[in-house]
Amino acid sequence: MDGRVDHVGIAVEEIDRTLAVYSMLGFERMEEETVESEGVRALFLGGAGPTRLELLEPLHDGSSLARFLSGRGQGLHHVAIRVRDIEAAVSACEEEGLTMSGAIRTGALGRKVAFVHPKSASGVLIELVQAD
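Scope of this entry: the structure provided in the associated data block.

Conventions adopted
- Residues numbered from 1 in each chain as written.
- Predicted model: local features only at pLDDT ≥ 70, side-chain atom pairs only at ≥ 80, totals over all residues.
- Heavy atoms only, no water.
- Helix = DSSP H or I, 4+ residues; strand = E, 2+ residues; numbered from the N terminus.
- Buried < 20%, exposed > 50% of the residue type's maximum accessible area, 1.4 Å probe, protein only.
- Pairing = 2+ DSSP bridges.
- Contact = heavy atoms within 4.5 Å.
- Axes fitted to C-alpha atoms, helices over the stretch in contact; angles between N-to-C directions.
- Core = buried A, V, L, I, M, F, W, Y, C linked by side-chain atoms within 4.5 Å.

1. Side note on the side chain of Ser63
Alright, step 1. Topologically, Ser63 is positioned in the loop between β4 (52–58) and α2 (64–72).
Alright, step 2. Note on Ser63: relative accessible area 3%, which makes it buried.

2. A closer look at unusual backbone geometry
Alright, step 1. For Leu109, which is not a glycine, the phi torsion comes out positive at approximately 65°.
Alright, step 2. As for its placement among the helices and strands, Leu109 is situated in the loop between β6 (105–106) and β7 (112–116).

3. Considering the sheet that holds strand β8 (residues 125–130)
Strand pairing in a sheet is mediated by backbone hydrogen bonds. Such pairs are either parallel or antiparallel.
Alright, step 1. With respect to topology, eight strands assemble into an open sheet ordered β2-β3-β4-β1-β5-β8-β7-β6, the strand pairing being mixed. Edge positions in the open sheet fall to β2 (28–35) and β6, since each of these has one partner strand only.
Alright, step 2. As paired strands, β6 and β7 are joined by two bridges and run antiparallel to one another. Pairing of Thr106 across the sheet is with Lys112, part of β7.
Alright, step 3. Lying on the sheet, α2 is in contact with β1 (5–11), β3 (40–46), β4 and β5 (75–83); it crosses β4 at an angle near 95°.

4. Here's the deal with the nonpolar core
Note that soluble globular proteins tend to have their nonpolar side chains buried in a common cluster.
Alright, step 1. By size, the foremost hydrophobic cluster in this structure holds ten residues: Ala11, Val35, Val40, Ala42, Phe44, Leu56, Leu65, Phe68, Leu69 and Ala108.
Alright, step 2. Of all the secondary-structure elements, those providing two or more residues to this core are β3 and α2.
Alright, step 3. With residues up to four places along the chain from it excluded, the contact list for Phe68 reads Ala11, Gly73, Leu76 and His77.

Have a look at this one:
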């Protein structure tokens, strides 16, 4: 595993309303994408450092992000960690007894991702992202 934070995901109700706050703090728009399979609109923001933010807006009420917002409100959704080999990283997590949330799949920006369930990580959803 790489051990570096790739990005921090933030659940928001409306990206366009939230963007002004992060722009004021020095973050700039990078990539934007609709991820139909996850039911989200994702906007990556970059700043002066290497870590990016990902603003996530639900596309519809039935998405897991919409359910997250309904139960917890806006705020931290996940922390994404870079891995060199997603299959090996998932195997290592499972060997350590961590519960994965779903299978390896294609996430934003076409990258392979997998999620460690929050119950295995002190309440934080961890996204494993295969580095380019």
